[in-house]
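Structure assessment
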Amino acid sequence: VALGLYFPRKEYLENVYIDEPAGMPLLRIHALKDSPEEVAHFHLCQNLIISRARSHENNWFQIKEKTGLLYLSRSLDREDFNMLSVGNWMPLSKVMLHVFLSSHPFQEKECDSATRTAVFLSLINATAPACSSLTARQLCFTEMDLSFHIKENKPPGTFHQLQLPSVHHLCQNLSISYKLLAAEGVPFRYNEVTTSVQVTQRLDREERERYELIAKCTVREGLREMQVEVPFLVNVLDEDDSPPFLPNGTDTADAIVEFNRKEGTVLSTLTVYDADTTPIYPFESSRRKYTGTIITDDPWISETFRVEHIFDEIHFSPNGSQVRGTRHEY
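Keep in mind that this is a model prediction, so the values were computed, not measured.

Cut-offs and rules
Residues numbered from 1 in each chain as written. Predicted model: local features only at pLDDT ≥ 70, side-chain atom pairs only at ≥ 80, totals over all residues. Heavy atoms only, no water. Helix = DSSP H or I, 4+ residues; strand = E, 2+ residues; numbered from the N terminus. Rg over C-alpha atoms; globule rule 2.2 N^0.38 Å. Buried < 20%, exposed > 50% of the residue type's maximum accessible area, 1.4 Å probe, protein only. Contact = heavy atoms within 4.5 Å. Areas by Shrake-Rupley, 256 points an atom, 1.4 Å probe, with all protein chains shown as cover. Lys, Arg positive; Asp, Glu negative; His and termini not counted. Charge placed at Lys NZ, Arg CZ, Asp CG, Glu CD. Pairing = 2+ DSSP bridges. Axes fitted to C-alpha atoms, helices over the stretch in contact; angles between N-to-C directions. Disulfide = S-S within 2.5 Å. Salt bridge = Lys/Arg side-chain N within 4 Å of Asp/Glu carboxyl O. Domains from an automatic or database assignment. Buried area = accessible area lost by both parts, 1.4 Å probe. Polar contact = N/O pair within 3.5 Å; in protein donor to acceptor, adjacent residues only side chain to side chain. Nonpolar A, V, L, I, M, F, W, Y, C, P; charged D, E, K, R; others polar. pLDDT = per-residue confidence, 0-100. UniProt positions renumbered as here; feature names shortened; annotations may be inferred.

So, about the overall build of the protein. Along the backbone of the protein there are five helices and 18 strands. For 330 residues, the compact-globule estimate of 2.2 N^0.38 gives 20 Å, and the C-alpha radius of gyration of the protein, at 27 Å, exceeds that figure by more than 25%. Based on the C-alpha atoms only, the size of the protein along its principal axes is roughly 85 × 50 × 40 Å. The buried share among the 330 residues of the protein stands at 41%. By sequence separation, contacts in the protein at least 24 residues apart represent 70% of the contacts at least 6 residues apart. Only carbon and sulfur atoms are counted for the fraction: they give 50% of the accessible area of the protein, which is about 19300 Å². Both charge centroids of the protein, one from 33 positive and one from 46 negative side chains, sit 6 Å from each other.

Okay, structure coming up:
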């Protein structure tokens, strides 16, 4: 089933300072495709959500429909901050807005797309700090973990940009460069010109479900050089695309029934492995996926014997990488 475009992150975080100019780029959001012919369109809908009880019309933030660049459409002044914060004594106010995703241009006020991600903006009651006062960590990376979710069996595509649009816009006297440190042969590529990271091929969760890379950033200011490294993690999301299998190909088990067996005696067991799924909660949803049935026309057999189904999580190790799966025992 084609589910369409999707976001490689569940949420995004960014800081917004008072009096930053209109047009200021804040954050770039990416989408990945379900099929190669799709084209991503981004859209902001609804009000700013200030707290669970309050919302306010969004007059300050806009997104470029084709590129996913979130920017200030109007400068946020102190009066705006006071209105959007709980009270003007607060040094910081958090607001949330939703970015929607569609494979066709958005119509006016069309906000029923199920595909959306949350953007949390920290509004800070101060002007943006001078670039020289920021640490290498602040210049290179936001407060977000660099952690992404990519679906298996989907087309390649760009899913992140390392360069921070706001820092790039404000700190043009600094030289900031990145590298993606990874083992040979991993399916990711870093483009030095655009600072974007791409997944280069379709992934297979049954081969590997987690990639651990490192993003390295170098900041140069005159003769001074600073470096910082942070984890860059990619989790592969499962698609139910692999059939269950039997160890040693054995799909039958003999049961010898002797007289005077107590109730609850185990007569025979049959094991089935599924590398494709892991036990999910509630347990009943995993139990319903496979059922064990005694096929008989004899009512005495149906009344006297039953099949019990237990299952637990196990690990497979294809190519030396641990992949979770399920062992079903009947």
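Within the secondary structure layout, P25 lies in strand β2 (residues 25-28). With residues near it in sequence (within four places) discarded, P25 still touches L69, L70, Y71, P165, S166 and H169.

As a further point, take the sheet that holds strand β10 (residues 157-161). Strand pairing in a sheet takes place through backbone hydrogen bonds and is either antiparallel or parallel in direction. Ordered in space as β10-β13-β12, the three strands form an open sheet in which the pairing is antiparallel. Edge positions in the open sheet fall to β10 and β12 (188-191), since each of these has one partner strand only. Between one strand and the next, the sheet's axes are offset by a mean angle of 30°, whatever the strand orientation. Strand direction decides the pairing type here: β12 and strand β13 (residues 196-199), joined by four bridges, are antiparallel. Its bridge partner being in β13, F188 is matched across the sheet by V199.

Evaluated as defined, the whole model comprises two disulfides. A sulfur-sulfur distance of 2.0 Å marks the disulfide that ties C131 to C171. On the sign convention where negative is left-handed, the bridge of C131 and C171, at about -85° about the S-S bond, is left-handed. Within this pair, whereas C131 is found in the loop between β8 (116-124) and α2 (136-140), its partner C171 is found in the loop between α3 (165-170) and β11 (175-181), the two being separated by 40 residues in sequence. Between the sulfur of C140 and that of C217 lies a disulfide, 2.0 Å long from S to S. Where C140 bonds to C217 through sulfur, the torsion about that S-S bond is close to -70°, and the disulfide is left-handed. Within this pair, whereas C140 is found in helix α2, its partner C217 is found in strand β14 (residues 210-221), the two being separated by 77 residues in sequence.

With that settled, the discussion passes to the pattern of salt bridges. Per the stated rule, a full pass over the model turns up 13 salt bridges. In this structure, E239 and K154 form a salt bridge, with 2.9 Å as the shortest nitrogen-oxygen distance. With E239 in the loop between β15 (224-237) and β16 (271-274) and K154 in the loop between β9 (146-151) and β10, this residue pair connects regions lying 85 residues apart in the sequence. For K154, a relative accessible area of 8% corresponds to the buried category. With its nearest N and O atoms 3.0 Å apart, the salt bridge here joins R324 to E209. A residue pair is termed long-range when its members are at least 10 positions apart, and R324 in strand β18 (residues 323-329) and E209 in the loop between β13 and β14 qualify at 115 residues.

Turning to the domain arrangement of the protein, a few remarks are in order. Note: interface size is frequently given as the accessible area lost on complex formation between the parts. Under the domain assignment used here, the protein contains domain 1 (1-128), domain 2 (130-239) and domain 3 (240-329). Computed over C-alpha atoms, the centres of domain 2 and domain 3 are 43 Å apart. Between domain 2 and domain 3, the residue contacts involve nine residues of the former and twelve residues of the latter. Between domain 2 and domain 3 the total buried area reaches about 840 Å² when both faces are included, carbon and sulfur atoms providing 31% of it. Broken down residue by residue, the surface that domain 2 buries against domain 3 is led by E206, E207 and E209, which jointly contribute 55%. The interface formed by domain 2 and domain 3 includes three residue pairs in polar contact (both at pLDDT 80 or more). Its residues assigned to classes, the side of domain 2 that touches domain 3 comprises no nonpolar, one polar and eight charged.

We now examine the confidence of the model for the protein. Looking at the protein as a whole, its pLDDT mean stands at 87, while 92% of the residues score no less than 70. Confidence, expressed as mean pLDDT per element, reaches its minimum in the protein at helix α4 (residues 283-289) with 69 and its maximum at β13 with 97.

We now examine the UniProt feature "domain: Cadherin" (unreviewed entry) in the protein. Following the UniProt record, the feature "domain: Cadherin" (unreviewed entry) maps to residues 142-246 here. The span residues 142-246 is 6% helix and 50% strand, and its two end C-alpha atoms sit 47 Å from each other.

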